[in-house]
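Read off the chains here:
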Amino acid sequence: MSKSLQAIRGMNDILPEQSPLWRYFEGTVAGLLDTYGYSQIRTPIVEFTELFKRSIGEVTDIVEKEMYTFEDRNGDSLTLRPEGTAACVRAVLEHGITGNGQVQKLWYIGQMFRHERPQKGRYRQFHQIGVEVFNLDGPDIDAELIMLTWRLWGLLGIQDAVKLELNSLGTSEARARYRDALVEFLSARLEQLDEDSQRRLKSNPLRILDSKDQGTQAVLVGAPKLEDYLDEDSRVHFEGLKARLDAAGIPFVINTKLVRGLDYYSKTVFEWVTDKLGAQGTVCAGGRYDGLVEQMGGKPTTGVGFAMGIERLILLLETLGKVPESINRTIDVYLCAFGEQAELAGLRLSEGLRDRLPGLRLAVNAGGGSFKSQFKKADKSGALFALILGDDELAKQEIGLKPLRGQGEQQNIAWDALAEHLETAIAQA
Ligand code: ATP
Ligand code: MG
């Protein structure tokens, strides 16, 4: 097949048969965020490259090797967004909606782009839903974000399959002190580190903590611990968060090696992980980024947020068999009409039904066809009922209502009683 007729590697179509699950997932999250009082923000998919370099950090996987960057016709360097926080911060600054300590509780949804090696749960275009809260600096809001996600796992029926990992990175000053101690320790053992970690020792030593290399992990056993370098404020904050999670009954484990891949975090970081998806086990990740807004040129403004990977959560729902049966029924009623006159009557009836029963999911047969072929389509549509309109029904101003899922016999209904009758029948089905 010609290359232009293939989607780009790592970028997926979401086909009609998959979209009910996507809409169920997205609707569940959006509905939950509404109940917590978060507002949606929508930013462009493309931003100046500089925005991501400045916020995410030059020496990170994303900026070093994953961004889709190109020059536009004006010669500006633009990048397809690899994550949502940078644009969110840019937008609140540009529009001044976090000035004077104004609190913002925001969420976003959309495509993200990273040039990674495509595999199960890892794609080049993927989707995230994320939340960002500005100007609330206590552990209570960190706890709210975690409780909200925990409630979401409950709604989706996957609480048993995910585990919360938690750590505190301290302030950037505390982290700098720790970094020095870690570099000193590891420099003395340089030859025992894997190649990647040797390179990171100069560029981003904290990332060595989550190296997958066994030799490196063995060296790290004796290394200085970040928790011993935490500043008092961060320590109190972390204790406050843990106490709240305990009070809410949310289980967690402390993972002192959790550093997250981005530069901008401070204090709280967390990940929800599952062991059901192989190597791509992190379904939701986030943390606090109190210094980011200022670093990007704004007034000091604290921030905390998270992002969840929709593809991974959809995979998890499928893997665990937690896809509700009901989401796959997209229509309730399929109307079949035979002959020109019946088709016209069917048109009037169906428009009348849509007026009387807003929200009724009604498909009207298109393209004519024999009784048998229309009936087959009605059955295949997944509808609960077929409405049948032929010459006989037309003459009597009636319509046949045929249950398609074994809910009793076909009966004829007078046109003016149809809406009421259908409403009851669907409710009882
Ligand atoms: P990973 O360690 O798996 O690469 P990350 O730390 O790079 O993840 P974040 O930037 O924290 O990921 O993004 C938040 C979430 O978005 C991840 O936990 C994951 O669920 C999802 N995600 C990240 N990258 C991808 C990708 N390439 N394909 C699909 N989902 C992704
Ligand atoms: Mg990554």
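First things first, this report covers the structure right here in the doc. The shown structure was predicted, so the numbers you read here are calculated from the model rather than taken from an experiment.

What counts, and where the lines are drawn
- Residues numbered from 1 in each chain as written.
- Chains lettered and ligands numbered in written order.
- Predicted model: local features only at pLDDT ≥ 70, side-chain atom pairs only at ≥ 80, totals over all residues.
- Heavy atoms only, no water.
- Phe/Tyr/Trp six-rings, centres within 6.5 Å; stacked < 30°, edge-to-face > 60°.
- Helix = DSSP H or I, 4+ residues; strand = E, 2+ residues; numbered from the N terminus.
- Buried < 20%, exposed > 50% of the residue type's maximum accessible area, 1.4 Å probe, protein only.
- Lys NZ or Arg CZ within 6 Å of the ring centre and 35° of its normal.
- Contact = heavy atoms within 4.5 Å.
- 1 Å grid on protein atoms, 1.4 Å probe; cavity = no way out; pocket = protein on both sides within 12 Å on 5 of 7 lines; lining within 4 Å.
- Points joined across faces, edges and corners; volume = space filled by probe spheres on them.
- Nonpolar A, V, L, I, M, F, W, Y, C, P; charged D, E, K, R; others polar.
- Expected span 1.5 Å × (residues − 1).

Attention shifts here to the packing of aromatic side chains. In the structure shown here, the tally under the stated rule is seven aromatic pairs. Between F134 and Y289 the ring centres are 6.2 Å apart and the planes differ by 70°, which places this aromatic pair in the edge-to-face class. Taken together, the residues span a long stretch of sequence, with F134 in strand β6 (residues 125-134) and Y289 in the loop between β10 (282-288) and α10 (292-295) at a distance of 155 residues. F134 sits in the buried class, given a relative accessible area of 0%. Members of the aromatic cluster, connected to one another through ring pairs, are W150, W153 and W272. Looking at R189, its charged tip hangs above the ring of F185, at a distance of 3.8 Å from the centre.

Here we come to helix α4 (residues 85-94). The buried count for α4 comes to eight of ten residues, which makes it a mostly enclosed element. Among all positions in α4, only T85, A86, A87, C88, V89, R90, A91 and V92 are buried. Summarising the contacts, the buried residues of α4 are in contact with β2 (46-48), α2 (49-56), β5 (104-113), β6 and α10. The first or second residue beyond α4 is G96, which carries a positive phi of 60°.

Moving on: empty space enclosed by the protein. Counted by the stated rule, this structure contains three cavities of 30 Å³ or more. If you go around the largest cavity, the residues you meet are Y178, L209, L220, A223, P224, K225, L226, E227, T256 and K257. In terms of residue class, the lining of the largest cavity is built from six nonpolar, one polar and three charged. If you add up the space inside the second largest cavity, you get close to 60 Å³. Around the second largest cavity, the lining residues are V59, T60, D61, E64, R199, R200, S203, N204 and R207. Where the lining of the second largest cavity is concerned, the elements lending two or more residues are α3 (61-66) and α7 (195-203).

Attention shifts here to helix α5 (residues 139-156). Over its 18 residues, α5 runs 26 Å from end to end, which matches the ideal 26 Å to within 8%, given 1.5 Å per residue. Within α5, 13 of the 18 residues are buried, which leaves the element mostly enclosed by the surrounding structure. Among the residues trailing α5, G157 stands out with phi positive, at a value near 75°.

Moving on, we get to the side chain of T302. Along the chain, T302 turns up in the loop between α10 and β11 (303-309). Relative accessible area serves as the criterion here: at 18%, T302 is assigned to the buried category. Those residues in contact with T302 that sit more than four places away from it in its chain are V133, F134, N135, L136, D137, R288 and D290.

Take unusual backbone geometry next. Backbone geometry at N100 places phi at a positive 50°, although glycine is not the residue there. Examined against the element boundaries, N100 turns out to sit in the loop between α4 and β5. With a relative accessible area of 75%, N100 lands in the exposed category. With a phi angle near 55°, Q397 is a residue other than glycine that sits in the positive phi range.

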